[in-house]
Amino acid sequence: MADDVLFEFLHMEMVSHIYKEQASRGEMDKDRATCVSALEGMGFRVGQGLIERFTKDSPSFKDDLDIMKFICKDFWINVFRKQIDNLRTNHQGTYVLQDNKFSLLTQLSSGKQYLEEAPKYLAYSCGLVRGALSNLGMDCVVTAEVSPMPS
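Analysis parameters
The numbers attached to residues start from 1 for each chain and follow its sequence in the written order. Totals for whole chains, interfaces and linings use all residues, but because this is a predicted model, local features are given only for residues with pLDDT of at least 70 and pairs of side-chain atoms are given and counted only at 80 or more. Hydrogen atoms and water are omitted, and side-chain values are computed over all heavy atoms in the structure. Note on conventions: DSSP H or I runs of at least 4 residues are helices, E runs of at least 2 residues are strands, and numbering of each starts at the N terminus. In this scheme Phe, Tyr and Trp rings, the latter by its six-membered ring, pair at centre separations within 6.5 Å, and the angle between planes marks the pair as stacked below 30 degrees, edge-to-face above 60, and tilted otherwise. Three exposure classes are used, based on accessible area relative to the maximum for each residue type with a 1.4 Å probe and protein chains only: buried under 20%, partly exposed in between, and exposed over 50%. Axis geometry follows a simple rule: fit a line to the C-alpha atoms, using only the stretch in contact for helices, then measure angles between N-to-C directions, giving values from 0 to 180 degrees. Every angle not falling under 35 degrees, over 145, or within 65 to 115 is termed oblique; those three ranges are roughly parallel, roughly antiparallel and roughly perpendicular. Residues count as neighbours in contact if any of their non-hydrogen atoms are within 4.5 Å of one another. As a working rule, the residues Ala, Val, Leu, Ile, Met, Phe, Trp, Tyr, Cys and Pro are called nonpolar, Asp, Glu, Lys and Arg charged, and the rest polar, with Gly in that last group. Candidate patch residues must exceed 30% relative accessible area and have no salt bridge, after which like charges are joined if within 9 Å and Val, Leu, Ile, Met, Phe, Trp or Tyr side chains if within 5 Å. Areas reported as accessible are Shrake-Rupley estimates using a 1.4 Å probe. Residue values count occlusion only from the protein chains shown. Within this document, salt bridges are pairs made up of a side-chain nitrogen of Lys or Arg and a carboxyl oxygen of Asp or Glu, the two lying within 4 Å of each other. Each nonpolar core is a collection of buried residues, namely Ala, Val, Leu, Ile, Met, Phe, Trp, Tyr and Cys, held together in the definition by side-chain atoms within 4.5 Å.

1. Some thoughts on the environment of Phe 75
Tracing the backbone shows Phe 75 in helix H3 (residues 64-80). In this structure, the C-alpha to C-alpha distance between Phe 75 and Val 129, residues 54 residues apart in sequence, is 8.9 Å.

Below, the structure written as structure tokens:
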């Protein structure tokens, strides 16, 4: 429980630090994408390291669906302390992972202005997943979408 709070605070401070550093350079309007890219890059490296640790005693995966099931169950539980709520696929290489109570967004209010701020809090997590999948041999693009804020 305390670990969860510490991780959430660390995440919020990482996002805040990256955005404040960019704002102090006076380039905030020009380069918001730089902040998202920096956070995604940090997550990518951490995801690579975590997946090495989590899979060191696991047998190899037979296909992409097995890899995605591992991400939804074991990886997500180890990182976010809960399972993915829904995994969907079109069986052509596109997977949609749905987490209805994503822990890094539940602390934000559910107003419309916060919905617009949500993507900066998702960049690190997208990097985590992309780094993990990269180390498992899946070249991919990871994007996040928020419709209603989790409560």
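2. A look at the packing of aromatic side chains
For any pair of aromatic rings, geometry is given as the distance between the ring centres together with the angle between the planes. Tallying each qualifying case throughout the model produces 6 aromatic pairs. Pairing Trp 76 with Phe 80 gives two aromatic rings, centres 4.6 Å apart and planes at 45 degrees, and the pair type is tilted. Of the two residues, Trp 76 and Phe 80 are both situated in helix H3; the distance of 4 residues between them amounts to about one turn of the helix. Judged by its relative accessible area of 7%, Trp 76 falls in the buried class. Look at Phe 80 and you get buried, because its relative accessible area is 6%. Within the aromatic cluster, the residues linked to one another by ring pairs are Phe 7, Trp 76, Phe 80 and Phe 102.

3. Let's talk about the packing of helix H2 (residues 32-55) against H3
Where H2 contacts H3, the two axes come as close as 11 Å, and the packing angle between them is 105 degrees. Between H2 and H3, the interaxial angle falls into the category roughly perpendicular. Two secondary-structure elements touch here, H2 through Leu 50, Ile 51, Phe 54 and Thr 55 and H3 through Phe 70, Ile 71, Phe 75, Asn 78 and Val 79. Across the contact of H2 with H3, the residue classes tally to 7 nonpolar, 2 polar and no charged.

4. Quick notes on unusual backbone geometry
The phi dihedral of Arg 81 is positive, around 65 degrees, even though this residue is not glycine. Summarising the element assignment, Arg 81 is placed in the loop between H3 and strand E1 (86-89).

5. Details of the side chain of His 11
By the secondary structure assignment, His 11 is in helix H1 (residues 2-24). Once you skip the residues sitting within four places of it in the chain, His 11 turns out to touch Leu 104, Tyr 121 and Tyr 124.

6. What to know about a nonpolar patch on the surface
A contiguous nonpolar surface patch, about 250 Å² in accessible area, is contributed by Val 5, Phe 9 and Met 12. If you trace the backbone, Phe 9 turns up in helix H1.

7. Quick look at the nonpolar core
Membership of the largest hydrophobic core comes to 32 residues, with the highest contact counts inside it found for Ile 71 and Phe 75. Elements with a contribution of two residues or more to this core: H1, H2, H3 and helix H4 (112-135). Aside from chain neighbours lying at most four places away, what touches Ile 71 is Ile 51, Trp 76, Leu 97, Ala 132, Leu 133 and Leu 136.

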